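Geometric and topological summary
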Amino acid sequence: MLTMAILRQDPDGVKQKLHKKHFAPVEIVDYVIGLDDRRKKLQLDCDNMLAQINAASKEIGQLMAKGQRDEAEAKKHWSSCPIYRPMSFRKGKPLQIIFR
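Below is a short write-up of the structure.

What follows deals with the side chain of K15. Within the element layout of this structure, K15 appears in helix α2 (residues 11–20). Of the residues examined, K15 reaches a relative accessible area of 18% and is grouped as buried. Sequence-distant contacts of K15, that is, excluding residues within four places in its chain, are made with V26, V29 and D30.

Below, the structure written as structure tokens:
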């Protein structure tokens, strides 16, 4: 089985072995590596977004605990962009997007 580690460590060797097995489109190795790079970037973006959401949620909770309900409500509407729920990243579940 080919893993991403093997593909990244020796892409030319993997291409040679694929060609030896008569797997003609050896450029798929570069395509798969490119897809993995894109996945890593998207995962980082997602993690950063979730960190921002968690920080805002914590701040809202602290404001509510202090009795500053108006400030907390204002903070809830800090953005009109969609909020991605962390629970939607569980295996086998589709991404849930909530629009406010």
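Having seen the model, we can carry on.
Turning to helix α3 (residues 28–65), a few remarks are in order. Counted at 1.5 Å a residue, the expected span for α3 with its 38 residues is 56 Å, and the 55 Å between its end C-alpha atoms agrees. If you check which residues of α3 are buried, you get V29, I33, D36, C46, L50, I53, A56, I60 and L63. Of the residues one or two after α3, G67 is the one with positive phi, at around 85°.

One finds L7, V14, L18, V26, V29 and I33 forming the largest nonpolar core, which totals six residues. Broken down by secondary-structure element, the contributors of at least two residues to this core are α2 and α3. V29 has contacts with L7, P11, V14, K15 and L18, leaving out every residue within four places of it along the chain.

Before going further, it helps to spend a moment on a nonpolar patch on the surface. Taken together, F23, I28, Y31 and L35 make up a surface patch of nonpolar side chains, about 380 Å² in accessible area. Along the chain, F23 falls in the loop between α2 and α3. We classify F23 as partly exposed; its relative accessible area is 36%.

Before going further, it helps to spend a moment on unusual backbone geometry. Within the chain, H22 stands out as a residue other than glycine whose phi angle is a positive 65°. One can find H22 in the loop between α2 and α3.

This part covers the pattern of salt bridges. Pairing between side chains of opposite charge can happen when their charged atoms approach one another. Counted by the stated rule, this structure contains six salt bridges. In this structure, R8 and D36 form a salt bridge, with 3.0 Å as the shortest nitrogen-oxygen distance. Taken together, the positions of R8 in helix α1 (residues 4–9) and D36 in helix α3 put the pair 28 residues apart, joining distant regions of the chain. Two residues, R8 and D37, come together in a salt bridge whose shortest N-O distance is 2.4 Å. One end of the pair, R8, is in helix α1; the other, D37, is in helix α3, with 29 residues separating them in the sequence.

About the criteria used
Residues numbered from 1 in each chain as written. Predicted model: local features only at pLDDT ≥ 70, side-chain atom pairs only at ≥ 80, totals over all residues. Heavy atoms only, no water. Helix = DSSP H or I, 4+ residues; strand = E, 2+ residues; numbered from the N terminus. Buried < 20%, exposed > 50% of the residue type's maximum accessible area, 1.4 Å probe, protein only. Contact = heavy atoms within 4.5 Å. Expected span 1.5 Å × (residues − 1). Core = buried A, V, L, I, M, F, W, Y, C linked by side-chain atoms within 4.5 Å. Patch = residues over 30% accessible without salt bridge, like charges linked within 9 Å, V, L, I, M, F, W, Y side chains within 5 Å. Areas by Shrake-Rupley, 256 points an atom, 1.4 Å probe, with all protein chains shown as cover. Salt bridge = Lys/Arg side-chain N within 4 Å of Asp/Glu carboxyl O.

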